[in-house]
Amino acid sequence: MSDTSNNQPAVADALNALLADSFALYLKTKNYHWHVQGPHFCELHLLFDEQATQILATTDLIAERVRKNGAATLRSIGDVARRQSIRDDDAASVKADAMVQSLAADNRALLAQIKEVKAAAEADGDIATSGLVDGWADETQQRIWFLEATLGY
């Protein structure tokens with residue numbers, strides 16, 4: 001049985017936007033995991049895989065929050081494509097440093113979306129969603145930190 005007491009479109013819309021970008025970032029991170037080359041191959045290959053796994057793990061939690069709020073969530077790759085703001089990278093060759101910079105920027109964008117979800121949830125009194133996103137924010141900040149540390153920022 002779903003809890004529809006917090007059936008607020010703003011929260012569900014913010015969560016669905018976050019879900020679309022989480023899938024987009026997951027796939028981009030896996031793309032870079034599969035295609036990274038260069039002197040830091042092993043380190044980056046493992047880092048990208050670890051981060052992709054972490055991002056994918058949040059997608060089910062995000063979708064379940066949408067459903068617990070009584071709304072529909074994403075249904076297809078096309079739905080993700082229509083809603084995502086994080087851009088794909090279809091380039092045949094990307095330098096390792098450019099991969100890291102791109103993922104750091106995309107994770108910063110994801111963090112901004114997480115903050116939007118938090119604000120929408122708090123505005124609607126959805127304390128469950130508000131509390132849940134704190135962990136996602138912490139994980140995203142850690143990914144940003146690791147990526148930026150790799151570049152020596």
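Quick look at the structure, then.

Parameters at a glance
- Residues numbered from 1 in each chain as written.
- Predicted model: local features only at pLDDT ≥ 70, side-chain atom pairs only at ≥ 80, totals over all residues.
- Heavy atoms only, no water.
- Core = buried A, V, L, I, M, F, W, Y, C linked by side-chain atoms within 4.5 Å.
- Buried < 20%, exposed > 50% of the residue type's maximum accessible area, 1.4 Å probe, protein only.
- Contact = heavy atoms within 4.5 Å.
- Phe/Tyr/Trp six-rings, centres within 6.5 Å; stacked < 30°, edge-to-face > 60°.
- Helix = DSSP H or I, 4+ residues; strand = E, 2+ residues; numbered from the N terminus.
- Salt bridge = Lys/Arg side-chain N within 4 Å of Asp/Glu carboxyl O.
- Polar contact = N/O pair within 3.5 Å; in protein donor to acceptor, adjacent residues only side chain to side chain.

### What to know about the nonpolar core
L15, L18, L44, F48, W136 and L147 are the most contacted members of the largest nonpolar core, which has 38 residues in total. With near-sequence residues (within four places) excluded, L147 lies in contact with L47, F48, Q51, V100, L103, A104 and N107.

### Examining the packing of aromatic side chains
Enumeration over the complete set of coordinates arrives at 2 aromatic pairs. Here the aromatic rings of Y32 and F48 are separated by 6.3 Å at their centres, their planes lie at 50°, and the arrangement is tilted. Of this pair, Y32 sits in helix α1 (residues 9–35) while F48 sits in helix α2 (residues 41–68); the two residues are 16 residues apart in sequence, bridging distant segments of the chain. Judged on exposure class, the residue Y32 and its partner F48 are both buried. Aromatic side chains W145 and F146 sit 5.2 Å apart centroid to centroid with 80° between the ring planes, which places their arrangement in the edge-to-face category. Taking relative accessible area as the criterion, W145 reaches 57% and is therefore assigned exposed.

### Remarks on the pattern of salt bridges
Going through the model one piece at a time under the given rule, you end up with 8 salt bridges. Close ionic contact of K118 with E122 constitutes a salt bridge, the shortest N to O distance being 3.5 Å. Of the two residues, K118 and E122 both sit in helix α4 (residues 96–123), 4 residues apart, roughly one turn of that helix. Owing to a relative accessible area of 48%, E122 belongs among the partly exposed residues under this scheme. Residue K118 pairs with D134 through a salt bridge whose shortest N-O separation is 2.8 Å. Note that K118 is positioned in helix α4 and D134 in helix α5 (residues 127–151), a separation of 16 residues in sequence. Classification of K118 as partly exposed rests on a relative accessible area of 21%. The network of salt bridges with shared partners includes D79, R82 and R83.

### Observations regarding the side chain of T73
Along the chain, the position of T73 falls in the loop between α2 and α3 (77–83). In this structure the side chain of T73 is engaged in a polar contact, spanning 2.7 Å, whose partner is the side chain of N16. In contact with T73, other than residues within four places in its own chain, are N16, L19, A63, V66, R67 and D79.

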